[in-house]
Amino acid sequence: MLPRRDHIARTVKNNWLLLTCLEERWKLIKLDRSCVQMIPTQHNLDSFKYMCQNTGSAENSDKEPINMIRRLGGLAILHSYIMKILVLLLCSAVAVTCGKVRQGRKFPDEFVFGAATASYQIEGAWNEDGKGENIWDYLVHNNPDAIADRSTGDVACDSYHKYKRDVEMMRELGIDSYRFSISWSRILPTGFPNQINEAGIQYYNNLISELLKYNIDPIITLYHWDLPQALQDLGGWLNPLIVDWFEDYVHVVYENFSDRVKSFITINEPAQVCYEGYGVATKAPLMNVSGIGEYVCARHIALAHAKAYHLYNDVYKPQYGGVCGYTFAVGSTAPLTDSEEDKYAVELMVQQQWAIYSDPVFSKDGGFPKDLLELVAEKSAAQGFPKSRLIDFTEEEKAYIRGTSDFFGVNHYSGALASFSLYTPQAVPSSMDDIGVGQMVPDDWLQSASAWFQKMPDSMYITLKLIKNRYGDIPIYITENGWSSYGGIDDDNRVDYYRSALEGVLDALDDGINVKGYYAWSLMDNFEWLAGYTECFGLYQVDYKDPERTRTPRKSAFVYKHIIKTRMVDPDYVPETTVMTIDEGH
Ligand SMILES: C[C@H]1O[C@@H](Oc2ccc([N+](=O)[O-])cc2)[C@H](O)[C@@H](O)[C@H]1O
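Residues numbered from 1 in each chain as written. Predicted model: local features only at pLDDT ≥ 70, side-chain atom pairs only at ≥ 80, totals over all residues. Heavy atoms only, no water.

Q: Even after reading the chapter, I still don't get the overall build of the protein, so can you show me in this structure?
A: Per the secondary structure count, the protein includes 22 helices and 15 strands. Scored against the burial criterion, the 586 residues of the protein give a buried share of 59%. If you sum the accessible surface of the protein, you get close to 22,200 Å²; carbon and sulfur atoms cover 53% of it. (Helix = DSSP H or I, 4+ residues; strand = E, 2+ residues; numbered from the N terminus. Buried < 20%, exposed > 50% of the residue type's maximum accessible area, 1.4 Å probe, protein only. Areas by Shrake-Rupley, 256 points an atom, 1.4 Å probe, with all protein chains shown as cover.)

The structure is reproduced here in structure tokens:
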């Protein structure tokens, strides 16, 4: 018999190690998998339980730790001081052993370490050398109050001129790969290929050459939110023709760069494009067509992605090799309580937040998530819409979209606890109203500089597990992960965040989850969308007051470099210098 559930609360209060030993099925997994990787607290219990219930491997085959835990559980219940001491000694021995195992864990040789940026956030040169206007240029110039500090990306980090320094920073860090995005309107000023801006093509050629010169593998994001304004004037992602416009654009990119670039990501975070751009209006083009716009966009973006994938797969892959994938923002949603309702609330939240975009590509049957389809259809009918606001793909479209990604790209930052009981009235119609779920974040999750971002314990591991549980054994790249601060060089919270996240990746690797690489967000501070320059995500600090945009490495840069070099996460490593150098071979 396993220890009773009511031991959890008592032992949490008394001793986390004892709790680890006493916990039920999922806790056995923790011990077996990586000893005491996931240290339980009262606030993350629900996440742990959720993980357990989703693993399907809760009945651990390793009898030894189970027996040990049962014995310890029994001893604790006796409340004998002697027994307690024995238990503590035993558990300490386990912890020491486990500690050794943890510290000894290494990332595989082929695991890719990188850093990521995006064109509008770093390039600047917004109207130089023939670049056309995009929706972020338009937004910051026409609606300055929408940006927290009324700033713009007109100059940003000036990477258009300072890309050699950027590559030098990558060499200092020792990263294997750099993820950057192409500015659509820099190479196609009108959005269409009737006019190709050779200066724009040259800029990316220069950057790619500089990367390759130092054996840094380029990975191109084809679309990171900076749609040409001329296409937005025609409806942007709400116009079904965007599927062809996108294909025409990526054709130019593939044609110019795929001889040297072997990895492409079609779209960065479709949810942020659709839900935030056309639903709740928190990203350009700030169009609030809640409950309708995001669903229209969701159809078009899946088809556009699939078309871009097919073009690469059919024409360029046979010639050059390489891979083409799709990146999603995935938060680690866990149930507020253990109830079946809250577990279902999590599933609906997952469907609304990211599976609506990823299921069409990665699920067995393709198409939008079934529950969401039903809920939107019911709500639409009740609201007097003659048809559902979310129309599933035809069978032909489903087949066209399904399987169109060589990997699952995940941008992960944080998470929340979900419940129907937390639902608060939303706009009607809206996708949040459609699912009727709300979420909360416990007070003791560390708050970052970004309102939306708190440090959820073990969120990286939970997220990777969510993806594996949903889609099976697919290759996963963590295409963004990082912490936001208000600035400063001694960024201890960022250091802690990176270490925890990368420990989570090691946990996932131990579990057999197929994680292939990790890209820190971000190489340097940059223009953080509506937050302007008020939030800093960089391994390098950028001095925006300095016309040179001097970049200075933060403590986290030294720690990340050490992780890459040793391929291990050493919690005790303290950088001895503040001067960055380039190691031999970089
Ligand atoms: C900081 C980076 O955020 C990325 O986008 C998001 C936005 C929101 C969430 N979320 O979980 O709520 C995750 C990722 C974006 O791709 C990048 O450009 C940065 O801004």
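Q: When you look at the state of the cysteines in this model, what are you seeing that I'm missing?
A: Throughout this description, disulfide means a covalent bond between two cysteine sulfur atoms. If you walk through the whole model with that rule in mind, you get one disulfide. Note on cysteine connectivity: Cys 274 is disulfide-linked to Cys 297, with sulfurs 2.0 Å apart. Between Cys 274 and Cys 297 the sulfur-sulfur dihedral comes to about -65°; the bridge is accordingly left-handed. Here Cys 297 lies in helix α15 (residues 293-320) and Cys 274 lies in helix α14 (residues 270-278), a separation of 23 residues in the sequence. Judged by relative accessible area, which is 0%, Cys 274 ranks as buried. (Disulfide = S-S within 2.5 Å.)

Q: Any chance you could explain the pattern of salt bridges here in plain terms?
A: Oppositely charged side chains are able to pair whenever their charged atoms sit close together. Tallying each qualifying case throughout the model produces 33 salt bridges. Residues Lys 162 and Asp 158 are paired through a salt bridge, measuring 3.9 Å at the closest nitrogen-oxygen approach. Lys 162 gets classed as buried once you look at its relative accessible area, which sits at 18%. Classification of Asp 158 by relative accessible area gives buried; the value is 10%. Put simply, Arg 105, Glu 503, Asp 507 and Asp 510 are held in one network by salt bridges that share partners. (Salt bridge = Lys/Arg side-chain N within 4 Å of Asp/Glu carboxyl O.)

Q: Whenever I open this one, the environment of Asp 473 confuses me. Can you help?
A: Considering the arrangement of structural elements, one finds Asp 473 in the loop between α20 (459-471) and β12 (476-480). Residue Asp 473 is classed as exposed on the basis of its relative accessible area of 55%. In the structure, Asp 473 is positioned 41 residues away from Asn 514 in sequence and 6.4 Å away in space, judged by C-alpha atoms.

Q: Quick question: what am I supposed to make of the sheet that holds strand β6 (residues 332-335) here?
A: Paired through backbone hydrogen bonds, the strands of a sheet run either parallel or antiparallel to each other. Here we have three strands laid out as an open sheet, ordered β6-β8-β9, and mixed in their pairing. What marks the edges here is a single partner per strand, and that holds for β6 and β9 (438-440). Looking at each pair of strands side by side, their axes are set apart by 40° on average, direction ignored. Two strands pair when backbone bridges link them, and strand β8 (residues 415-419) and β9 are joined in this way by three bridges, in the antiparallel orientation. Bridge pairing links Leu 417 to Met 440 in β9. Together, β6, β8 and β9 form the strand contacts of helix α16 (residues 340-362), whose direction differs from that of β6 by roughly 155°. (Pairing = 2+ DSSP bridges. Axes fitted to C-alpha atoms, helices over the stretch in contact; angles between N-to-C directions. Contact = heavy atoms within 4.5 Å.)

Q: Got a minute to help me understand the side chain of Ser 358 in this structure?
A: Positionally, Ser 358 belongs in helix α16. In this structure the side chain of Ser 358 is engaged in a polar contact, spanning 2.7 Å, whose partner is the side chain of Tyr 471. (Polar contact = N/O pair within 3.5 Å; in protein donor to acceptor, adjacent residues only side chain to side chain.)

Q: Explain the confidence of the model for the protein here, please?
A: Any region with low pLDDT has predicted coordinates that should not be read closely. Put simply, the protein has an average pLDDT of 88, and 82% of its residues get 70 or more. Below a pLDDT of 50 lies the segment residues 50-88, which in the model reaches 52 contacts outside its immediate sequence neighbourhood of four places, other chains included. Of the regions scoring below 50 in pLDDT, residues 90-102 engages in 14 contacts with residues more than four places distant in sequence or in other chains. Overall fold confidence (pTM) sits at 0.85, and the ipTM for the predicted complex is 0.98. (pLDDT = per-residue confidence, 0-100.)

Q: Any chance you could explain the packing of aromatic side chains here in plain terms?
A: For any pair of aromatic rings, the description consists of the separation of the ring centres together with the inter-plane angle of the planes. Evaluated as defined, the whole model comprises 52 aromatic pairs. Note on Trp 452 and Phe 453: the rings are 5.2 Å apart at their centroids and 15° apart in plane angle, and the pair reads as stacked. On the basis of relative accessible area, Trp 452 is assigned to the partly exposed category, the value being 46%. With relative accessibility at 0%, the residue Phe 453 sits in the buried group. By way of ring pairs, the aromatic residues Tyr 120, Trp 136, Trp 225, Phe 527, Trp 529, Tyr 533 and Tyr 544 are connected into one cluster. Here Arg 171 stacks its cationic end above the ring of Tyr 214, 3.7 Å away from the centre of that ring. (Phe/Tyr/Trp six-rings, centres within 6.5 Å; stacked < 30°, edge-to-face > 60°. Lys NZ or Arg CZ within 6 Å of the ring centre and 35° of its normal.)

Q: Hey, could you run me through the site of the ligand in this one?
A: Neighbouring the ligand are 15 residues, the closest being Gln 121, His 224, Glu 269, Glu 528 and Trp 529. Gln 121 places a side-chain nitrogen or oxygen 2.8 Å from an oxygen atom of the ligand. Note that an oxygen atom of the ligand is positioned 3.0 Å from one of the side-chain N or O atoms of Asn 268. Relative to its unbound accessible area of 450 Å², the ligand is 88% covered by the protein chains. Within the shell around the ligand, the residues separate by chemical class into seven nonpolar, five polar and three charged. (Near = heavy atom within 4 Å. Nonpolar A, V, L, I, M, F, W, Y, C, P; charged D, E, K, R; others polar.)

Q: How should I be thinking about the nonpolar core in this particular structure?
A: As a rule of thumb, nonpolar side chains are buried together in soluble globular proteins. Membership of the largest hydrophobic core comes to 136 residues, with the highest contact counts inside it found for Trp 237, Phe 246, Phe 408 and Tyr 518. Per-element tally for this core: the top contributor is α15, with 13 residues. Dropping the residues within four chain positions of it, Trp 237 is found in contact with Tyr 223, Leu 227, Ile 242, Phe 246, Ile 267, Val 273, Tyr 278, Cys 297, His 300, Ile 301 and Ala 304. In this structure, Val 112, Ala 118, Ile 265 and Trp 521 belong to the second largest nonpolar core, which totals 14 residues. (Core = buried A, V, L, I, M, F, W, Y, C linked by side-chain atoms within 4.5 Å.)

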